[in-house]
Structure formats: C-alpha cells, structure tokens
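The chain contents come next:
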Amino acid sequence: ENLEPEFVEPVIIELGDLDSEMNGCPCSLEFHAHTPKHIRDKFSLTPMEKSRYRLSPVTVLDREQRKVYRLPFTARDTRGLAGTRYLTLEVADENDSPMTDGESTIKVYN
C-alpha cells in the first residue's frame, strides 16, 4: 500500500502443463478478455523466459480503496487449448493515520 510501483516486488507467475512436450508448454498468459479495464490498467503483465510472466503494479495501490484483487487470466498451451485461472492479490496494510495522544472516558453500568 502507498508504495510507488518501482518499489513493489513483482509477482512471478510460472506456467506448467502436464501434457507431453508436443501439447504442453511453452504456454502463454494474458488478462482474461472480461477483466475490467480499470483493473487491467493497474497492473502490467510482462513475458519472461520459459513460460514465466512478471506481474507488477503500474500505479500506487491503496488498501482503503480496494483490499483484494482477484485477477482472471487466460492461459494457453502450444496447441491453443485455453483455460481461465485466477490470482488473488491482497494489498498489504500501512497505517495511514499517525499515532497521537488521546484519552477516553467509559461509563460501565453493572
């Protein structure tokens, strides 16, 4: 929360397929077609080597605005067989309100 994107450690996603080499990976990954634009615009998905992808925020994330993102992706094998997979990201909390001195009075009736 409240970190500039370049200071957030990216999530590395590694795809695997139990099929034979002929039908398995290398695999591809992309945001699902129905992922809302306002969610898609908050993250970048960058291909790496050997069916690996880097997911990084491109904007400052605010936990008070949204605590959890459930990101849908479409994964494809070499033959084009595709499936939808979800990644759940929880934004870590940073105390936005500084601590201050204070007092309170509590009445208890028994």
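Residues numbered from 1 in each chain as written. Predicted model: local features only at pLDDT ≥ 70, side-chain atom pairs only at ≥ 80, totals over all residues. Heavy atoms only, no water.

Per an unreviewed UniProt entry, the recorded name for the chain is Cadherin domain-containing protein, and the organism is Cherax quadricarinatus.

(A) Region of the structure containing the overall build of the chain. Secondary structure assignment for the chain yields one helix and six strands. When its helices and strands are written in sequence order, the chain yields β-β-α-β-β-β-β. A globule of 110 residues ought to have a C-alpha radius of gyration of about 13 Å, yet the chain, at 21 Å, is considerably larger. Projected onto the principal axes, the alpha-carbon positions of the chain cover approximately 75 × 40 × 25 Å. Here the analysis covers contacts within the chain between residues at least 6 apart in sequence; of these, 59% occur between residues at least 24 apart. About 8500 Å² of surface is accessible on the chain, with carbon and sulfur atoms providing 50% of the total. The centroid of the 14 positive side-chain charges in the chain is displaced by 8 Å from the centroid of its 20 negative side-chain charges. (Helix = DSSP H or I, 4+ residues; strand = E, 2+ residues; numbered from the N terminus. Rg over C-alpha atoms; globule rule 2.2 N^0.38 Å. Contact = heavy atoms within 4.5 Å. Areas by Shrake-Rupley, 256 points an atom, 1.4 Å probe, with all protein chains shown as cover. Lys, Arg positive; Asp, Glu negative; His and termini not counted. Charge placed at Lys NZ, Arg CZ, Asp CG, Glu CD.)

(B) Up close: the nonpolar core. Among the nonpolar cores identified, the biggest contains 16 residues, and I13, L29, F43, L55, Y69, L71 and F73 are the most heavily contacted of them. Among the elements of the structure, strand 2 (28–31), strand 4 (52–57) and strand 5 (68–76) are those that each provide at least two residues to this core. No other element matches strand 5, which puts four residues into this core. Apart from residues lying up to four places away in sequence, F43 is in contact with F31, L55, S56, P57, V58, L61, Y69, L71 and L89. (Core = buried A, V, L, I, M, F, W, Y, C linked by side-chain atoms within 4.5 Å. Buried < 20%, exposed > 50% of the residue type's maximum accessible area, 1.4 Å probe, protein only.)

(C) Focus on the pairing of strand 5. As paired elements, strand 2 and strand 5 share four bridges and run antiparallel to each other. Opposite S28, over in strand 5, you have R76 as the bridge partner. The hairpin formed by strand 5 and strand 6 (residues 82–90) contains five residues between the paired strands, and G80 there has a positive phi angle of roughly 90 degrees. (Pairing = 2+ DSSP bridges.)

(D) Highlighting the layout of surface pockets. Roughly 320 Å³ of volume is contained in the largest pocket. Lining the largest pocket are 16 residues; nearest its centre among them are L15, G16, A75, R76 and R85. Put simply, the parts of the chain that give the lining of the largest pocket at least two residues each are strand 5 and strand 6. Broken down by element, the residue count for the lining of the largest pocket peaks at five residues, all from strand 6. (1 Å grid on protein atoms, 1.4 Å probe; cavity = no way out; pocket = protein on both sides within 12 Å on 5 of 7 lines; lining within 4 Å. Points joined across faces, edges and corners; volume = space filled by probe spheres on them.)

(E) Main features of the environment of R76. Of note, R76 is situated in strand 5. For R76, a relative accessible area of 31% translates into the label partly exposed. The spacing of R76 and E90 is 14 residues in sequence and 25 Å in space, taken between C-alpha atoms. If sequence neighbours within four positions are ignored, R76 has contacts with C27, S28, E30, L81 and A82. A distance of 3.5 Å separates a polar atom in the side chain of R76 from a polar atom in the side chain of E30. (Polar contact = N/O pair within 3.5 Å; in protein donor to acceptor, adjacent residues only side chain to side chain.)

(F) Fine view of the state of the cysteines. Throughout the structure, instances matching the rule amount to one disulfide. Between C25 and C27 runs a disulfide, and the two sulfur atoms are separated by 2.1 Å. Handedness of the C25-C27 disulfide follows from its S-S torsion of about -95 degrees: it is left-handed. On the basis of relative accessible area, C25 is assigned to the partly exposed category, the value being 25%. (Disulfide = S-S within 2.5 Å.)

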